[in-house]
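# Examination of the molecular architecture
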Amino acid sequence: MNESVKQSKPVVSSWNRRSHGGVKDSPVRLLLAKNILRPQIKFKDKIDNSNSPFVPIIKYKPNAIKKLQIYTPSSPQPEDLSIPTAIADFVHQQRMISNTTTNRICHPYQHELEVFEPPENQLKEAKEELYKGLEETPYTYVETVEQLEELCQKLSSVTEFAVDLEHHSYRSFQGFVCLMQISTRDHDYLVDTLELRSDLSILNESFTNPKILKVLHGADMDIGWLQRDFGLYIVNMFDTGQASRVLNYERFSLSYLLKKFCGVTANKQYQLADWRIRPLPAEMIQYAIEDTHYLLYIYDRLRNELIKSGNAQNNLLMSVYQRSKAVCLKKYEKPLFTKESYLNLYKKQRRPLNPQQLQVFQALYEWRDTIARQEDESYGYVLPNHMLFNLTESLPREPTGVLACCNPVPTLLKQYANEVHQIIQDAKERSVTVTEENISSTEATPMETSSRSPVVARLDVKETRSKSIERASQYASQVSTTPRPVKAYIPTGPQVKTMKPSISIFDYPQKAGPHNEGLEKAKEIMAGFVNPFKVVLPDLEAADVGNKNRTEQSKASIDKINENWKKVSSGVLEETSSSTQGTKIVNNDSDHEDSTPLRQKIEGKKKRKRKKKNETQEGDIPSTPIEKKIKSEDVDEEDDDDRNPSYEAITKVGKEFVPFDYNPTEYSKLEGNQEQSKEDVFNPYDQSKRQKKVNGPRSKVHMKAGQRSMTYSKNREIQKKQQWPRR
């Protein structure tokens, strides 16, 4: 049943966050006082920030069934700030492992809470007593001992009252309560806990009375704060937050309950206000009173609803009391520093750090914890988490670099900048020595770890108490708080020969003459120049090769080449003439097996049409179709020979080399941005009509399957989807 309440961490959240309904809450107003006097200075009992477990400060136990056991240590606490961390860590672990009752601190009211049963009047449905308005209800600001005694007498005479606390944790290591709100059915009280910190233990008379009901909302942290600061404990509590969970409400916050039962919209503008301010402004006083003024009426509504929704044994209401009892049994525990405390923050942030950076992170985390305990400041005030990681990742080499990594620079970091720089350098040096020791140990005994069985390795981990104490003392002597001078790193091991590599891939080639950029650009331009006549003229490779050779060779060499061609051509022409005649005969015999592509056939037809037009204009019409065919083939061959001259045409006997005439060249095609003629524009409808008039079929019946249009009609002018007849 026993649980512990750990230190409350500073809440870092957006001030204008969205609510569950999607509507923005009112902006939070952050009130801070400049040059405020620290309240810890006025405390009569000094705050204990040592790295030791929390000891209850209660000295008198009212309403006791079992006598109070006062914890009196026989020896001084070893976990003082002056004791090294390793020894304190070891002693703390031994105390937690031990099961003896002398080493474990019990809850002072553990027995009273375990035997507690709620009274019968709290288990019956009762009439709901409506609250009064804030203006109609008087309130008292308690700041003296006389007023506190009157309040104690008033609370002892009532059957129920509501309690709430206002806490501050930014300028304190553990935090402290600044204000306590107590409300009865007809009166509200604000207790200044900063002035009456050491005198509030008298409220245990009413707080631990099992006949008086205490109503709180979300008391998980309030129970621990009351134990730590005032030694107050609660018996017979009803937590409205636990009741809302049992009833499965949409939300469990106090603002939701105020809106649901009282129709009041909670004002959360002063949620993050600095409650150390004295005197308190009127707005903050009203905000504090609202937290407890409506709480008793909310309790009435929740109690009746739990009774109605439960069974004959009031299972739901008893469940709320059991949960509230479990909250009251929690014990406060101070935040303790161990050698593995830094791993909790490292795992939460999930930032990749190398071994050297991790060593520095551990050292800085330990320094921050030590300074926070000494100065009684929070971690966020000494060195926030994001700045801690910035220093770890950057590893500054100078004290000025430590300040450059933080913006704005924390006050205590500016004060201890040189010490932080020295800690970083020592941690870096320590990481180098650790890696060297690991390397040397692996080289000395490479097979030792692999040969050992897991059972033996597990037994080696369990060391005796004496050995662990010796190791802790040795580690403490090594990890000293005094700064050590930075030593120069001297490499050890065999000497390694180093040679400078020769890399010549990026070197410029050495030239004989001077380097001139203009000449290189001119060469690039000439290499990229293309003759514009190649765009218009046919591709005559033979003629181009002859022209190039003629410019490079002398006239004598050209004459020799022509004579050789004449001699060779006399024997070649005879063979070519006979072969061409044979091919013509074969083609005539195999007309029925024509395998020429369709595109070439269409081009041949167009050529024949052009010849017909030319013949009709000249008046030379062939007499028979056979003559037409022979003549058309001859003309086609002549046209092909003119466009693409063959080797035989070039090497005819008696035909000399004649340079090409550029006079009939169409230079207009060389001009850019020409408008495309209408004849070159492709129009599928015009082309189909023209083909149908000349060579088209007589009707759709005579049309081939591949030429039929399945979606468009023949004389279609407007593009519409074909409407097929219904079946």
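To be clear, the structure that these remarks concern was listed above.
What this report covers is the structure whose coordinates are included nearby. Source: prediction; values computed, not measured.

### Examining the pairing of strand β3 (residues 160-168)
In terms of residue burial, β3 counts as a mostly covered element, since 9 of its 9 residues are buried. Here β3 shows two buried faces, one formed by E160, A162, D164, E166 and H168 and the other by F161, V163, L165 and H167. Judged from the 3 bridges that link them, β3 and strand β6 (residues 213-216) form a sheet pairing that is parallel. Bridge pairing links F161 to K214 in β6. Two elements, β3 and strand β4 (residues 176-183), share 7 bridges in a ladder whose sense is antiparallel. Each residue of the ladder has a partner; that of D164, found in β4, is Q181.

### Structural notes on the pairing of strand β5 (residues 188-192)
Walk down a regular strand and you will see the side chains alternate between the two sheet faces. In terms of residue burial, β5 counts as a mostly covered element, since 5 of its 5 residues are buried. Taking every second residue as pointing to the same face, both faces of β5 are buried, with D188, L190 and D192 on one and Y189 and V191 on the other. In this sheet, β5 lies alongside strand β2 (residues 139-142) in parallel orientation, the contact comprising 4 bridges. Bridge pairing links Y139 to D188 in β5. Where β4 and β5 come together, 5 bridges link them in antiparallel fashion. Of the residues in β5, the one forming a bridge with I182 is Y189. Here β4 folds back onto β5, and the loop between the two strands holds 4 residues.

### Things to note about the packing of aromatic side chains
Both the distance between ring centres and the angle between the ring planes are used here to describe each pair of aromatic rings. Counted under the stated rule, the structure contains 21 aromatic pairs. Ring geometry for F43 against F176: centres 6.0 Å apart, planes inclined by 80°, an arrangement best described as edge-to-face. Of this pair, F43 sits in the loop between β1 (3-5) and α1 (85-97) while F176 sits in strand β4; the two residues are 133 residues apart in sequence, bridging distant segments of the chain. Each of the two residues, F43 as well as F176, counts as buried. For the pair F173 and Y379, a centre-to-centre distance of 5.7 Å together with 75° between the ring planes defines the contact as edge-to-face. Pair noted here: F173 is in the loop between β3 and β4 and Y379 is in helix α13 (residues 379-382), with a separation of 206 residues, a long-range link. By relative accessible area, which is 3% here, F173 ends up buried. Here Y379 falls in the partly exposed class, since its relative accessible area comes to 24%.

The rules we used
- Residues numbered from 1 in each chain as written.
- Predicted model: local features only at pLDDT ≥ 70, side-chain atom pairs only at ≥ 80, totals over all residues.
- Heavy atoms only, no water.
- Buried < 20%, exposed > 50% of the residue type's maximum accessible area, 1.4 Å probe, protein only.
- Helix = DSSP H or I, 4+ residues; strand = E, 2+ residues; numbered from the N terminus.
- Pairing = 2+ DSSP bridges.
- Phe/Tyr/Trp six-rings, centres within 6.5 Å; stacked < 30°, edge-to-face > 60°.

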